[in-house]
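Letter by letter, the chains look like this.
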Amino acid sequence: MKDLKHLIYFENLLQDANNELISQAQSEGKRCVAYVCENVPEPLLNLAGTFSIRLRAPRTGSMEMGTYYLTSFLCEYSRALLERAIEGGFKFADCIITPDGCTMMNRCVENMELLKTMDKEKFFYEYMEIPMKCDDNGLNLYTLQCTNHILKPLAENFGIDVSDAAICESVRRHNRVCELIRAIGDFRKEENPRITGYEFHIITLATYAAPQDMLIEKLEETLEELKTREPEPKNPFRARVVVVGSEIDDVDFVKLVEETGAYVCADRFCYGSLPGREEIAVAAGQSPLDAIARHYIDTSMCPRYMEQHVMRERKQYLADLAKEYGADGIIVESNKFCEYWSYERTINTIVLQRDFGIPVCSIEKEYINSASGQLRTRFQAFIESIEIKKIQEGK
């Protein structure tokens, strides 16, 4: 296929945590609000005068200092972030907001604070308490946490307008980004797709790693370009898979999956578009803060929510995704020592095969994809098993 016009631009934004658009936005007087988890609502971080950046540690090498402070039993994502903070790689941020999505991430950010890794004037840390149930009490708690740990600190420290009108405008801009990403992602449903999973992952990841407003024009151009892009004459992939799991901000992981012959047709992971790039609906007369809180509570696929019916809904959601995107199987991954996703991965592996008849490849991976040979072998074997299943079913 013909190369996408802006793909290299999006790729370059992902090379470092501090990219050119962050510098440009800050030169215009905007404040960088960094966060580390999908449970922090993006529209509240992208008000007039602020922009959100989800912290990453691309090209991580040694994690010795991060491991020293956090021990080797904490997930590599949290250790990599702390290592990068100690190195001074996040000094561009004006504040960090973290939820207690997991104790490992909390410890990571707490150590950033204790080690005084940030030195900007008025820099602040905020720690949100996230509910474990999707009920009214959980909604009330989440709304209160958003007010006390996002809106009030932004207003008091940086003079940011946190009125309902300002939040509504932020939701509007957020929805435009979501609309574009989902429209681009819909091309993955084609039998012979005109965009690879690798390309889509790069584009989506850029909307987490750079100021969203500055990407809209290039996203619009990419969508228009895809409408007339010709796919390969013959589909180069042998199977279609949904990738499910925790943090995947290493684009080489998706690339590796597709190099083995499996097309990544859907992305249900923490840096993905499903459900991370769903539009937020604000009803007439409804508080925009309430609408945002309800959206994040209702659509979250985070394994932190442990009610039995919610856990079953997550499995049904994956089965529905596989059907909608025409997937032949599901790859479920978790980062090593990730507490919540280790449980979720195990349950998914059993339930998706037993109750829905969907082939599953279950893997535990490192934050940066260093064991590519082992993973390549696993993925190749999984694809072969899918092909054998098709033969046996006469497809």
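None of these values were measured; they are calculated from a predicted model. (Residues numbered from 1 in each chain as written. Predicted model: local features only at pLDDT ≥ 70, side-chain atom pairs only at ≥ 80, totals over all residues. Heavy atoms only, no water.)

S.K.: How should the overall build of the chain be read in this particular structure?
M.R.: Helix and strand counts for the chain stand at 14 helices and eight strands. Computed over C-alpha atoms, the radius of gyration of the chain comes to 20 Å, within 12% of the 21 Å expected from 2.2 N^0.38 for 395 residues, which places it in the range of a compact globule. Projected onto its principal axes, the C-alpha coordinates of the chain cover approximately 65 × 45 × 40 Å. With 395 residues in all, the chain has 58% of them scored as buried. Considering only intrachain contacts with a sequence separation of at least 6, the fraction spanning at least 24 residues in the chain is 75%. Accessible area of the chain: about 16,400 Å², with a carbon and sulfur share of 50%. In the chain, 47 side chains carry a positive charge and 63 a negative one; their mean positions are 3 Å apart. (Helix = DSSP H or I, 4+ residues; strand = E, 2+ residues; numbered from the N terminus. Rg over C-alpha atoms; globule rule 2.2 N^0.38 Å. Buried < 20%, exposed > 50% of the residue type's maximum accessible area, 1.4 Å probe, protein only. Contact = heavy atoms within 4.5 Å. Areas by Shrake-Rupley, 256 points an atom, 1.4 Å probe, with all protein chains shown as cover. Lys, Arg positive; Asp, Glu negative; His and termini not counted. Charge placed at Lys NZ, Arg CZ, Asp CG, Glu CD.)

S.K.: What is the right way to look at the pattern of salt bridges in this model?
M.R.: Any two side chains of opposite charge can pair if their charged atoms end up close together. What the rule picks out here adds up to 29 salt bridges. The salt bridge partner of glutamate 169 is arginine 173, with a shortest N-O separation of 3.6 Å. You can see glutamate 169 and its partner arginine 173 sitting in helix 7 (residues 164–185), four residues apart, about one turn around the helix. The class for glutamate 169 is partly exposed, based on a relative accessible area of 32%. Of the residues examined, arginine 173 reaches a relative accessible area of 16% and is grouped as buried. Within the structure, one salt-bridge network assembled from shared partners comprises Glu169, Arg172, Arg173 and Asp213. (Salt bridge = Lys/Arg side-chain N within 4 Å of Asp/Glu carboxyl O.)

S.K.: Just checking my understanding: could you explain the packing of aromatic side chains for this structure?
M.R.: Remark: the centre distance and the inter-plane angle together describe each pair of aromatic rings, the angle taken between the planes. For the coordinates displayed, the defined rule picks out 10 aromatic pairs. Ring geometry for phenylalanine 124 and phenylalanine 158: centres 5.6 Å apart, planes at 35°, overall tilted. Of this pair, phenylalanine 124 sits in strand 4 (residues 124–128) while phenylalanine 158 sits in helix 6 (residues 136–158); the two residues are 34 residues apart in sequence, bridging distant segments of the chain. For phenylalanine 124, a relative accessible area of 9% translates into the label buried. Assessed through its relative accessible area of 13%, phenylalanine 158 is described here as buried. (Phe/Tyr/Trp six-rings, centres within 6.5 Å; stacked < 30°, edge-to-face > 60°.)

S.K.: Just to check I follow, could you spell out the packing of helix 10 (residues 251–259) against helix 14 (residues 372–392) for this structure?
M.R.: For any two helices packed against each other, the geometry is given by the interaxial angle and the distance between the axes. Two numbers describe how helix 10 lies on helix 14: the axes approach to 9 Å, and their chain directions differ by 45°. With respect to helix 14, the element helix 10 is oriented oblique. Taken as a pair, helix 10 and helix 14 cross one another with a handedness that is right-handed. Of the residues in helix 14, those touching helix 10 at Phe253, Leu256, Val257 and Glu259 are Ser372, Leu375, Arg376 and Phe379. The residue inventory of the contact of helix 10 with helix 14, partitioned by class, reads five nonpolar, one polar and two charged. (Axes fitted to C-alpha atoms, helices over the stretch in contact; angles between N-to-C directions. Parallel < 35°, antiparallel > 145°, perpendicular 65-115°, else oblique. Left-handed = near helix turned anticlockwise from the far one by under 90°. Nonpolar A, V, L, I, M, F, W, Y, C, P; charged D, E, K, R; others polar.)

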